[in-house]
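# Understanding the architecture of this molecule
Each chain is listed here by its residues.
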Amino acid sequence: MPPLDVPTMLLMTAAASATMAGALAAVRSRRREGMGPWALALVLHTGAYVLYALRGAAPDWATVVLANTLLAGTFALVLAAVQQFQGRSLPWRRMLVPVLVTALLFTLFMKDYRACVITIGLVAPLQIALVLWALWRPQPPAQLRGVWLVTAGLTLQALLLATRSVLAIVGGIPLQGLLRVDGLQAPIFMSAFIVVILASLGYILMTKDRAEADNRYFAAHDGLTGLVNRRALVRAAQRDVAHAVRTHQPYALMMMDIDHFKAINDQHGHMAGDRVLCHVAELLRARLRAQDMVGRYGGEEFVVLLPGTALHDAVVLAEVLRSAVEQAPAMHQDQPIAVTLSIGVCGGRPDHADAWDALLRDADRALYKAKRAGRNRVDCLPLAHGMPEPLTAVA
């Protein structure tokens, strides 16, 4: 096998970095996910490897000091990208100190190739360790496919650089200069090419997985209150009622409406209206069981699904919820806003899978009975066409 040509490998790595930087710049999203710092890191990586390839043809301050400072800057920006992806502030000290130390040490050891090998083999793995710590601690992102690719790529690079540094310290490998192949020179340059592709694709996968997770979340949740939305409520009601039919269990559903919500918006502004919606959502969520589901049905309307709950028990719970909201005004700009609910409840033992539609319709009818009766009250209707419950359940 013919020997690998080091300048060619260096330029291949530079070309891969430049290509990835352009690709990331093209797909960069408006969200602060670290794409910008990662793309800039690849630009610095490109510059570093171009300067490495010019060793002997350009001044040492450029091919030694500047090139390795750019490499240290690459890992600093990778750390910035990970921090931004995690939604944390940039750790400027951990980013800048290794870059400054690298510039200083390579200025001092510019003519000592062994010292340069040892320096980069100590500083770069330390920077990579900081990146991996930021990626995995205190907890990794929820989607791990891309995280594993980034980790694998950076770990490979760190291990090779650290191993070469140790061998240089103990004299275990001959050091013949940057552009000549020694024991670990070729694997390190080849790994740099692989790391650019592997880590960058992993980072793109991280952002893609997060975007898909966000899309799934917002397809089922209300963006303002964080409650499930109408589509998710209907889907859950269909599933739960079908289970109630199979197991002959009771099922109840509440529909509730914030009283005079338009007046709140008109008097206090829409920001206050949003605060009221979130306030009511928090109160409802805090007082329901784990198996219950509360969601925003639309506008100022909320729906609560109560599997395994008889009508009587649902009415008792509805009164608890109504009273809790009445007794806890929403706060907006340090001003209390009185809030009350009208609640309609429907429950029974469903006898067919489509009974969820009847539950929803009759809960809506009970809600409007409550509103016509003066608001801030609970009204109920038994489920039509369902199996009868014990008499105490509808008292």
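I will try to describe carefully the structure that is included in this document.

Here is what the cut-offs are and how they apply
- Residues numbered from 1 in each chain as written.
- Predicted model: local features only at pLDDT ≥ 70, side-chain atom pairs only at ≥ 80, totals over all residues.
- Heavy atoms only, no water.
- Helix = DSSP H or I, 4+ residues; strand = E, 2+ residues; numbered from the N terminus.
- Buried < 20%, exposed > 50% of the residue type's maximum accessible area, 1.4 Å probe, protein only.
- Contact = heavy atoms within 4.5 Å.
- Phe/Tyr/Trp six-rings, centres within 6.5 Å; stacked < 30°, edge-to-face > 60°.
- Lys NZ or Arg CZ within 6 Å of the ring centre and 35° of its normal.
- Arc of directions from axis to C-beta.
- Salt bridge = Lys/Arg side-chain N within 4 Å of Asp/Glu carboxyl O.
- Core = buried A, V, L, I, M, F, W, Y, C linked by side-chain atoms within 4.5 Å.

Relative to the helices and strands, C116 is located in helix α5 (residues 113-136). A relative accessible area of 8% means that C116 is categorised as buried. On a C-alpha basis, the gap between C116 and F106 in space is 6.4 Å, while along the polypeptide they are 10 residues apart. Setting aside anything within four residues of it in sequence, one finds C116 in contact with V64, F106, F109 and M110.

Taken as a whole and judged by the stated rule, the model has five aromatic pairs. Measuring from ring centre to ring centre gives 4.3 Å for W38 and Y203, while their planes differ by 20°; the resulting arrangement is stacked. In this pair, W38 is assigned in helix α2 (residues 35-53) and Y203 in helix α7 (residues 185-220), connecting sequence segments 165 residues apart. Residue Y203 is classed as buried on the basis of its relative accessible area, which comes to 0%. Between the NZ or CZ atom of R210 and the centre of the ring of F85, over which it lies, the distance is 3.7 Å.

We now examine helix α9 (residues 261-268). Taken residue by residue, α9 has F261, I264 and N265 as its buried positions. An end-on view of α9 places all buried positions within 95° of arc, on one side of the element. Across α9 from its buried face, at more than 90 degrees, point the exposed residues K262, D266 and Q267. At its buried positions, α9 is contacted by β1 (251-258), α10 (270-286) and β5 (335-337). Where α9 terminates, the next one or two residues include G269, which has phi positive at roughly 100°.

Here the focus is the pattern of salt bridges. Using the criterion set out here, one finds 14 salt bridges in the structure. Here E319 ties to R322 by a salt bridge, and the two come within 2.5 Å at their closest N and O atoms. One end of the pair, E319, and the other, R322, are both in helix α11 (residues 311-327), three residues apart, so they sit about a helical turn from each other. With a relative accessible area of 34%, E319 lands in the partly exposed category.

All right, on to the nonpolar core then. Grouped together as the largest cluster of nonpolar side chains are 60 residues, with contacts concentrated most on W38, Y49, L154 and Y203. Setting aside its immediate chain neighbours within four residues, W38 contacts L24, V78, A81, V150, A199, S200 and Y203.

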